[in-house]
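Here's the letter readout for the chains.
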Amino acid sequence: MSLRHALLGLLSERPASGYDMLKSFDTALATVWPATQSQIYTELSRLADAGLISVAAEGPRGRKEYALTDEGLAELRHWLTEVKPQRNTRSDVLLRVFFLGVLTPEQARGYLAELMELSEQGTAQLRALDASVDWGDDSLSVYGRIALEYGIRFNEMRRDWADWAVGQIR
C-alpha cells in the first residue's frame, strides 16, 4: 500500500482538504498507515500533477479542497483489484522472540509480559477510537470499522499468544 492509494481512498467518499485528510490519518488510519502532514501535502501535489485528483474548491489562507478525478478512481480500483498486497514478512517483535534464548528465563518472560501490556494498551486505544468516531453508513465508516476490528482482534490475539508463550519458557 502507498500513501497515494490511501489518499485516493479517502477522496473516493467525498472531496476533502489536506487538513481533513490529516485528521483521518491521525485517527482512523493511525494504526493502518501513519503519515505526517508534510508527506500528505507532498503526495497531494503529486496526485494533482498526475491528474488523479483536482482542486474542487479554494478557501481562505490557501485552503484547497481536493476531489478524485475519473483517472484517480480508475487508479484506486486498479490497485484494489489488480495489485496484490505486499506480504510484510519482517517483524521486529518476532525476531526478538526468536533470540530470547540468549536471555535468562526471567528476562524472556519479562519481554513477553511487556508485549502483553503493549497489546492490552493497543486494544484499549482502538476501543477508545471506536467509541470516539461518529460512525455513519458511508463506505469509509463501514470498511473503516472492519479494519478497526482487525486491529482489535490482532492485539487480543497477540496478548493471548504472549501469555501462552510465557508458559512455554522453562
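These figures come from a predicted structure and were not determined experimentally.

This brings us to the packing of helix α1 (residues 3–11) against helix α3 (residues 37–49). Running from N to C, α1 and α3 cross one another at 80°; their axes reach a closest spacing of 10 Å. Classified by the angle between their axes, α1 and α3 sit roughly perpendicular to one another. Here α1 contributes L3, R4, L7 and L8 to the contact with α3, which in turn contributes Q39, I40, E43, L44, R46 and L47. For the contact of α1 with α3, the class distribution of residues is 6 nonpolar, 1 polar and 3 charged.

Mapping S119 onto the fold places it in helix α6 (residues 105–132). Apart from residues no more than four positions distant in its own chain, S119 is found in contact with N155, R158 and R159.

The next point concerns helix α7 (residues 139–168). With 30 residues, α7 ought to run about 44 Å at 1.5 Å a step, and its terminal C-alpha atoms sit 43 Å apart, in line with that. Here α7 has its buried residues at S141, L148, G151, I152, N155, R158, A162 and A165.

Before going further, it helps to spend a moment on the packing of α1 against helix α4 (residues 70–82). The contact between α1 and α4 brings their axes to 10 Å, and the two run at 120°. The angle between α1 and α4 falls in the class oblique. When the axes of α1 and α4 are compared, the crossing they make is left-handed. Residues H5, L8 and G9 of α1 lie in contact with α4, whose contacting residues are G72, E75, L76 and W79. Here the residues of the contact of α1 with α4 sort into 3 nonpolar, 3 polar and 1 charged.

This part covers the pairing of strand β2 (residues 53–58). Pairing between β2 and strand β3 (residues 64–68): 5 bridges, direction antiparallel. Looking across to β3, one finds that V55 is bridged to Y66. Where β2 folds back onto β3 in an antiparallel hairpin, the turn is made up of 5 residues, including R61, whose phi is positive at roughly 55°.

The rules we used
- Residues numbered from 1 in each chain as written.
- Predicted model: local features only at pLDDT ≥ 70, side-chain atom pairs only at ≥ 80, totals over all residues.
- Heavy atoms only, no water.
- Axes fitted to C-alpha atoms, helices over the stretch in contact; angles between N-to-C directions.
- Helix = DSSP H or I, 4+ residues; strand = E, 2+ residues; numbered from the N terminus.
- Parallel < 35°, antiparallel > 145°, perpendicular 65-115°, else oblique.
- Contact = heavy atoms within 4.5 Å.
- Nonpolar A, V, L, I, M, F, W, Y, C, P; charged D, E, K, R; others polar.
- Expected span 1.5 Å × (residues − 1).
- Buried < 20%, exposed > 50% of the residue type's maximum accessible area, 1.4 Å probe, protein only.
- Left-handed = near helix turned anticlockwise from the far one by under 90°.
- Pairing = 2+ DSSP bridges.

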